[in-house]
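Residues per chain, in single letters:
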Amino acid sequence: MNVHPRATEFDPALEGTRRPKFVLPKLDLGRVLMIGGVVVVALVAAVLWMSGGRYVSTDNAYIRAPKLMVATDISGVVSHVDVREGQAVQKGDILFGIDPAPFRIAVENTKAQLAQTVLNLESMKQDYKRMLSDIAAQQSQVELAKVTNDRAASLIKTGSTTAVNFDQARYAYNAAQSQHQSLEEQAKVLLSKLGGNPDAPVTLHPSYLQTKATADEAQRQLDHTVIRAPFDGIVTQVDQLQPGAYMVAATAGMSSSGAVALVGTGEMWIDANFKETDLTWARAGNAVEVSVDTYPGLVWTGQIASISPASGSEFSILPAQNSSGNWVKVVQRIPVRIVLDQKKDGPALRAGMSVNATIDTGHKRTLSEIW
C-alpha cells in the first residue's frame, strides 16, 4: 500500500508493528479565504442588485397641513378679538368680530322695503280689480251712448231733431268708446305689472323676489360680522389684528392685519419632491416610511395618496425655456403626496417641518432584466 509521506509518521510505541497513522492534509488558508471572500462579495452584490430600485427616498419633503388666513368679505371696524396666539380652536369657534351696528340698520331697512313691496303688490291687485269694475261700468256707458246716437241718427233723417243734438249724441258715443278703450289699456298694463296673473301670491312676483334677495344679502353680511373657525386648528398671527382697526374686505385676506391665520391640526400630509427617475415603479398606495428631522430615531408610516400629473416646474411662474439654444437637461422633480398614519400619543408635527421619505415600491429585479 502506497501512503503519501505527509499522511504517515513514525510512532515509537508501535515500532515493532510499523503500522502507519493517517493524518489529514494541511489546507491552504489563504486560498480558502480568497475564494470564500469572492463568493460572499458575489452573493452580497447579487442580493443588492436584486433588491435595487425597490426603495427610493428623498429629503426634499415637508409636512403640510390645512392653513388659511381667516378673514371676512365685508368691510368694517373690528369690534373684538376672541382668541390669542397659539390657541387651539374647534370648528365654529368665534375668532373675531366686526361692529354689527351698520349691518343691523341695513337689515332693518331691507325688511321695511320688503314689507312696502308686499303692500304695493297687494294695492296693485286691488287697483286691477277696481279697474275691471270701471271697465264694466264704462261698457254700460258705451252701450247707452250708442243707443242715444242711433236714435239721434234716425230722428235727423226725419227732421225730428236738430243737427246739434245729433252731433252731441255722436260725440258722446265716441268719447264713451275712447274712455272704455283707455281703461282696458290701463288694465292690461297693470296686469302686466302683476306678472300676468292677478291671483298669484306676491311672494312669486319679481319685485318681491328682488327685494327679498336684497334683504337676504343684508342678513348675510350681518351674519358675517362674526368670523368663526372653518376647521379645527391652532390660530397664529393674532397680535396684529386689534379692535378698532378698519378692515377692508378687498384686502383683508392679503395681510395679517386683516385676518387671523389658522393652521389645521386634524389632517396632515407630506409633499415630497422625488426625482423623476426614482418614480419608475412608484404607485399610489405604496407604503412609505418617514423620519422627521426634529425627532431623530422616530419613524412614521404612511402611504402614497397621489402622484402629481406634472412636474413642479410646470407650475412655475417663469418656466424653463427649453427651446433655446443653451438648453441643459435637468432631472425634474415630481410632487408626491403622502398620507401619514399619525400616532395618537406621538410627538407634535408642525406644518413646514423637514422630513426624509422612503417609498417601498415592492419592485424586485429579475434575471430577465439583464438580457
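Before any of the text, the structure's been laid out above.
Residues numbered from 1 in each chain as written. Predicted model: local features only at pLDDT ≥ 70, side-chain atom pairs only at ≥ 80, totals over all residues. Heavy atoms only, no water.

1. Considering the overall build of the protein
What counts is decided by this rule: A run of H or I in DSSP counts as a helix once it spans at least four residues, and a run of E counts as a strand once it spans at least two, with each numbered from the N terminus. For each residue, the accessible area found with a 1.4 Å probe, counting protein chains only, is set against the maximum for its type, and the residue is called buried under 20%, exposed over 50%, and partly exposed in between. By the convention used here, residues are in contact when the closest approach between their heavy atoms is within 4.5 Å. Residue burial considers only the protein chains on display, and all accessible areas are found by Shrake-Rupley using a 1.4 Å probe.
On a plain count of helices and strands, the protein comes out with four helices and 14 strands. Counting only residues that meet the buried cut, the protein has 26% of its 371 residues in that class. Taking all contacts inside the protein whose residues are at least 6 apart in sequence as the whole, residues at least 24 apart take part in 80%. Just so you have it, the protein exposes about 24400 Å², and 57% of that area is on carbon and sulfur atoms.

2. Observations concerning the pairing of strand β3 (residues 76-81)
Residues in a regular strand point their side chains to alternate faces of the sheet. For clarity, the cut-off: Here, strands pair whenever DSSP counts at least two bridges between them.
Relative to strand β8 (residues 246-247), β3 runs antiparallel, the two sharing two bridges. If you follow Gly-76 over to β8, its bridge partner there is Met-247. Sheet topology note: the β3/strand β5 (residues 94-98) ladder contains three bridges and is antiparallel. Residue pairing across strands places His-80 opposite Gly-97, the latter belonging to β5.

3. Some remarks on the packing of aromatic side chains
Remark: the centre distance and the inter-plane angle together describe each pair of aromatic rings, the angle taken between the planes. Quick reminder of the rule: Within 6.5 Å between ring centres, the rings of Phe, Tyr and Trp (the latter by its six-membered ring) count as paired, and their orientation is classed by plane angle as stacked under 30 degrees, edge-to-face over 60, tilted in between. Here, over-ring charges are defined by two tests on the NZ atom of lysine or the CZ atom of arginine: distance to the ring centre within 6 Å, and angle to the ring normal within 35 degrees.
This model, assessed by the stated rule, comprises one aromatic pair. Arranged with centres 6.1 Å apart and planes meeting at 45°, the rings of Tyr-295 and Trp-300 form a pair that is tilted. We note Arg-170 situated over the ring of Tyr-171; from NZ or CZ to the ring centre the distance is 4.9 Å.

4. Observations regarding the sheet that holds strand β1 (residues 55-64)
Rules: The convention used is that axes are lines fitted to C-alpha atoms, helices contributing only their stretch in contact, and that angles between N-to-C directions extend from 0 to 180 degrees.
Taken in spatial order, the six strands of this closed barrel run β1-β10-β13-β12-β11-β14, and their pairing is antiparallel. Between one strand axis and the next, the sheet turns by 40° as a mean value, whatever way the strands run. Of the strand pairs in this sheet, strand β10 (residues 269-275) and strand β13 (residues 333-340) are connected by seven bridges, and their pairing is antiparallel. Looking across to β13, one finds that Asp-271 is bridged to Arg-337.

5. Here we look at the nonpolar core
Heads up, the rule is: Grouping buried Ala, Val, Leu, Ile, Met, Phe, Trp, Tyr and Cys residues that are joined through side-chain atoms within 4.5 Å yields what is termed a nonpolar core.
Residues Ile-63, Ile-270, Phe-274, Val-290, Val-292 and Leu-349 are the most contacted members of the largest nonpolar core, which totals 25 residues. If you list the elements that add at least two residues to this core, you get β1, β10, β11 (287-292), β12 (300-307), β13 and β14 (354-360). Per-element tally for this core: the top contributor is β13, with four residues. Discounting chain neighbours no more than four positions away, the residues touching Val-292 are Ile-63, Leu-298, Trp-300, Leu-349, Met-353, Ser-354 and Val-355. Counting 20 residues, the second-largest nonpolar core is a separate cluster that includes Ile-74, Val-83, Val-238 and Val-260.

6. Topic: helix α4 (residues 206-223)
Quick note on the threshold: By this rule the span expected of a helix is its residue count minus one, scaled by 1.5 Å. Directions pointing from the helix axis toward each C-beta atom define the arc.
For α4, which comprises 18 residues, the first-to-last C-alpha distance of 25 Å matches the rise-based estimate of 26 Å (1.5 Å per residue) to within 8%. Burial in α4 covers these residues: Tyr-208, Thr-211, Ala-215, Ala-218 and Leu-222. In an axial view of α4, the angular spread of the buried residues amounts to 90°, which keeps them on one side of the axis. Those residues of α4 that are exposed and angled more than 90 degrees off the buried face are Pro-206 and Gln-210. Elements in contact with the buried residues of α4: α2 (101-158) and β6 (226-228).

7. With respect to the sheet that holds β8
Across the sheet, which stays open at both edges, the four strands sit in the order β6-β5-β3-β8 with antiparallel pairing between neighbours. The open sheet is flanked by β6 and β8, the only strands paired with a single partner.

8. Description of the layout of surface pockets
We count it as follows: Lining residues are those with an atom within 4 Å of a point, where the points come from a 1 Å grid over the protein atoms alone and group into cavities, where a 1.4 Å probe fits but cannot get out, or pockets, open sets with protein on both sides within 12 Å along at least five of seven lines. Grid points are joined across faces, edges and corners, and a volume is the space filled by probe spheres set on the points. Charged means Asp, Glu, Lys or Arg here, nonpolar means Ala, Val, Leu, Ile, Met, Phe, Trp, Tyr, Cys or Pro, and polar covers whatever is left, Gly included.
In this structure, the largest pocket spans a volume of roughly 360 Å³. The wall of the largest pocket is formed by 15 residues, among which Thr-265, Met-268, Ala-348, Leu-349 and Arg-350 lie closest to the centre. Residues that form the lining of the largest pocket fall into these classes: eight nonpolar, four polar and three charged.

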